[in-house]
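# Architecture and fold: a report
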Amino acid sequence: LKSPEITPVAQEAEALFTNMDLLLFSLIIGIVIYWFMSRKKPEPIPEFKKIDTPAPTSRETSFIEKMKKTGKNIIVFYGSQTGTAEEFSNRLSKDAQRYGMKGMAADPEEYDMGELSRLSEINNSLAIFCMATYGEGDPTDNAQDFYDWLQENDDEDLTGLNYTVFSLGNKTYEHYNAMGKYVDKRLEELGAKRIFDLGLGDDDGNLEEDFVSWREQFWPAVCEHFGVEALGDESSIRQYELKEFTDINMNKVFTGEIGRLKSFEVQKPPFDSKNPFMAPVTVNRRLNKAGDRHLMHLELDITGSKIRYESGDHVAVFPTNDSALVNKLGQVLGVDLDLVISLNNLDEESNKKHPFPCPTTYRTALTHYLDISHPPRTNVLYELAQYASDPKDQENMRKMASSSPEGKALYQSWVLESCRNILAILEDMPSLKPPIDHLCELLPRLQARYYSIASSSKVHPNSIHICAVVVEYQTKTGRVNKGVATNWLKNKLVTDNGHKATVPMYIRKSQFRLPFKASNPVIMIGPGTGIAPFMGFIQERGWLKEQGKDVGETVLYYGCRHKMEDYLYQEELEEAEQKVVITQLNVAFSRDQEHKVYVQHLLKNNKENLWKLIHLENAHIYVCGDARNMAKDVQTALHEIAEELGDMTRTQATDYIKKLMTKGRYSQDVWS
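Described below are features of the structure shown in this document. Please read these numbers as outputs of a predicted model, since none were measured by experiment.

Here we take up the overall build of the protein. From N to C terminus, the protein includes 21 helices and 25 strands. Principal-axis analysis of the C-alpha atoms places the extent of the protein at approximately 125 × 70 × 60 Å. Looking at the protein as a whole, 50% of its 672 residues are labelled buried. Counting contacts in the protein only where the partners sit at least 6 residues apart, residues at least 24 apart contribute 76% of the total. Summed over its atoms, the accessible surface of the protein is roughly 33200 Å², and 51% of this surface lies on carbon and sulfur atoms. Counting 78 positive and 97 negative side-chain charges, the protein places the centres of these two groups 2 Å from one another.

Have a look at this one:
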């Protein structure tokens, strides 16, 4: 249908408008195209070629290719939580050179362990495993994937793989050397050939002596197996070379960071062992009312960090050494501690370019990165002996590093029992003047310290609580030795000259967990600072109760020396008892009467109630504190209760408690 409104004049005007519109439209399009094309020109395509170079974080995951490329035939894998297994693996890889072989230390987390079956491609090859056990028979963090791989790959054929294992553990723990024993047994099951017996190191005894004795027998067995002889070269083998900087941009110098440069100043989540969070200290108070010890409660603020934790987890903190100790070392060695240096690995193919973050100053290395407080191991004495000008000092240092009974006894008495750290050794051997760079190469890394978290994230989502006792004691030489981390924490005042005191920290997940069902009763046994995780448990049970949940009996066995001196968290515990969050509060004051009373005595006094909770009501038992005595005595008391009230033999009672552990109903968070 035609529209009656459109006249011929109107149509003509419409056509004219359309032509002009087209002209303008074309002009605008032309300008836009020209502007767009000319704008693109300053961005030359060749700029993108930079992507061709691999990112600095990319890393060779094939240890076989690396060994072939560098002519290595021995690889030493380490499962290490506190650095000792890594240290031992470095010593073994250096040893290889003395037997005409070439070794490399390796972190299993960095490599494809499925390549073990290919090691036979390399002549006279050998895999050594230095495996520490952590917690309740668990693998260390860096060996977890390797452990999972061993468990999951039943069809793996390791025929042709030569191996040996040295295991690091502590006899006071229930699962002594569990990880090393498992790796040794499992490799054999998969077809690998054990060329030397499993070594068992006991940190409750003398771990260094166990390692040295094993190593002294291990290398002759290797020589016999491969038909090689020692080169007789006992000289010191340097792993790193020193580079000094006289003119360097200080923004490029590490000042204590664990991983990324400036990571303490510019914080980026996620936070972990390589990237700790700088948590401000909001509370630092003394817990004990009297006595000569210092027991303390600290609170760390984790607001905005995205850090999550659960009751029972551990907080790891990175302490620094006492500045007085560092300054004395500088004086004894006669060096400028503020010189900027780098120690660079002589093996350019090694993943480990430096022994600690470099470039840095000697002061920073001795303060943040190196362990200068523990008695040095025998390999340090052996390597430093060459720098003693007195032949008698040289002889004694080498003797202490040997496996002879006389040498072992001298090391035990003069170094270990006398608690001589490296400074004490240098002071008591005036002829010993090692170059500081070699000393820094040999000293082990200063490790993070772990504390059981004393809070619940349900109640304190932005705060982590620590409970600790300051370590300080006099040695046989009359010196006062101070615990590195506890003294450092003690001095972390909330405001330090107007600045907030901070603590580099991260969370380590634990298996020490409240039962899934809140209605299950819990029995908590923790004397002294062993109360820590139970403060978190009690807070959480109280919170669950407030939420209207059915919460089972919450029983606490706590112990301290004197009620009026060191009854930790007395007000909080008594308040929880009044609110019936704690249904039974049992406290042993060991020294308030003539006969000492400990938590295990209270357990026996309440045996009927305990047995009812454990045997009939599915209670979960938790033990925290000293592994050497308390944890064993508690276990013995529970064996006796099961024997008597469960009408069992001692063997049956022992098996009964072991089954509780297997089922996750008996958990321990202990230390020695």
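There is more to say after this.
On the secondary structure map, Asn-90 appears in helix 3 (residues 84-95). Its relative accessible area of 17% is what places Asn-90 among the buried residues. Among residues more than four places away in sequence, those in contact with Asn-90 are Ala-105, Gln-239 and Lys-352.

What follows is about the packing of aromatic side chains. Taken as a whole, this structure holds 28 aromatic pairs when the rule is applied. Measuring from ring centre to ring centre gives 5.5 Å for Phe-77 and Phe-129, while their planes differ by 25°; the resulting arrangement is stacked. Separated by 52 residues along the polypeptide, Phe-77 in strand 1 (residues 74-79) and Phe-129 in strand 3 (residues 126-134) bring together distant segments of the chain. Ring pairing ties together the aromatic residues Phe-88, Tyr-99, Phe-166, Phe-196, Phe-211, Trp-214, Phe-218 and Trp-219, which thus form one cluster. One residue, Lys-458, lies across the ring of Trp-543, its end atom 5.9 Å from the ring centre.

Let's shift gears to the sheet that holds strand 22 (residues 554-560). One open sheet accounts for five strands, arranged 23-22-21-24-25; its pairing is parallel. Taken across any chain shown, the strands that pair with only one partner, and hence form the sheet edges, are strand 23 (584-589) and strand 25 (666-671). Taken pair by pair, the neighbouring strands of this sheet meet at an average axis angle of 10°, ignoring direction. Sheet contacts for helix 20 (residues 627-645): strand 21 (522-525), strand 24 (620-626) and strand 25; angle to strand 24, the most-contacted strand, approximately 150°.

This part takes up the packing of helix 3 against helix 6 (residues 207-226). At their nearest, the axes of helix 3 and helix 6 sit 12 Å apart, and the two run at 25° to each other. Overall, the two elements helix 3 and helix 6 adopt an arrangement that is roughly parallel. At the point where helix 3 passes helix 6, the crossing takes the right-handed sense. Touching Thr-84, Phe-88, Arg-91, Leu-92 and Asp-95 of helix 3 are Leu-207, Glu-208, Phe-211, Val-212, Trp-214, Arg-215, Phe-218 and Trp-219, all from helix 6. Considering only residue class, the contact of helix 3 with helix 6 consists of eight nonpolar, one polar and four charged.

The next point concerns the pairing of strand 22. The element strand 22 is extensively covered by neighbouring structure, given that seven of its seven residues are classed as buried. The alternating pattern of strand 22 places Thr-554, Leu-556, Tyr-558 and Cys-560 on one face and Val-555, Tyr-557 and Gly-559 on the opposite face, and all of these are buried. As paired elements, strand 21 and strand 22 share four bridges and run parallel to each other. Bridge pairing in strand 22 links Val-522 to Thr-554. Handedness of the β-α-β unit built from strand 21, helix 15 (residues 532-546) and strand 22 comes out right-handed.

Another point: helix 15. Relative to the 21 Å expected for 15 residues at 1.5 Å per residue, helix 15 spans 22 Å between its end C-alpha atoms, a close match to the ideal helical length. Residues Ala-532, Pro-533, Phe-534, Met-535, Gly-536, Phe-537, Ile-538, Gln-539, Glu-540, Arg-541, Gly-542 and Leu-544 constitute the buried set of helix 15. Following helix 15 by one or two positions, Gly-548 has its phi on the positive side, about 85°.

Parameters and conventions
- Residues numbered from 1 in each chain as written.
- Predicted model: local features only at pLDDT ≥ 70, side-chain atom pairs only at ≥ 80, totals over all residues.
- Heavy atoms only, no water.
- Helix = DSSP H or I, 4+ residues; strand = E, 2+ residues; numbered from the N terminus.
- Buried < 20%, exposed > 50% of the residue type's maximum accessible area, 1.4 Å probe, protein only.
- Contact = heavy atoms within 4.5 Å.
- Areas by Shrake-Rupley, 256 points an atom, 1.4 Å probe, with all protein chains shown as cover.
- Lys, Arg positive; Asp, Glu negative; His and termini not counted.
- Charge placed at Lys NZ, Arg CZ, Asp CG, Glu CD.
- Phe/Tyr/Trp six-rings, centres within 6.5 Å; stacked < 30°, edge-to-face > 60°.
- Lys NZ or Arg CZ within 6 Å of the ring centre and 35° of its normal.
- Pairing = 2+ DSSP bridges.
- Axes fitted to C-alpha atoms, helices over the stretch in contact; angles between N-to-C directions.
- Parallel < 35°, antiparallel > 145°, perpendicular 65-115°, else oblique.
- Left-handed = near helix turned anticlockwise from the far one by under 90°.
- Nonpolar A, V, L, I, M, F, W, Y, C, P; charged D, E, K, R; others polar.
- Right-handed = clockwise from strand over helix to strand, strands pointing away.
- Expected span 1.5 Å × (residues − 1).

Scope: geometric values only; no functional claims are made or implied.
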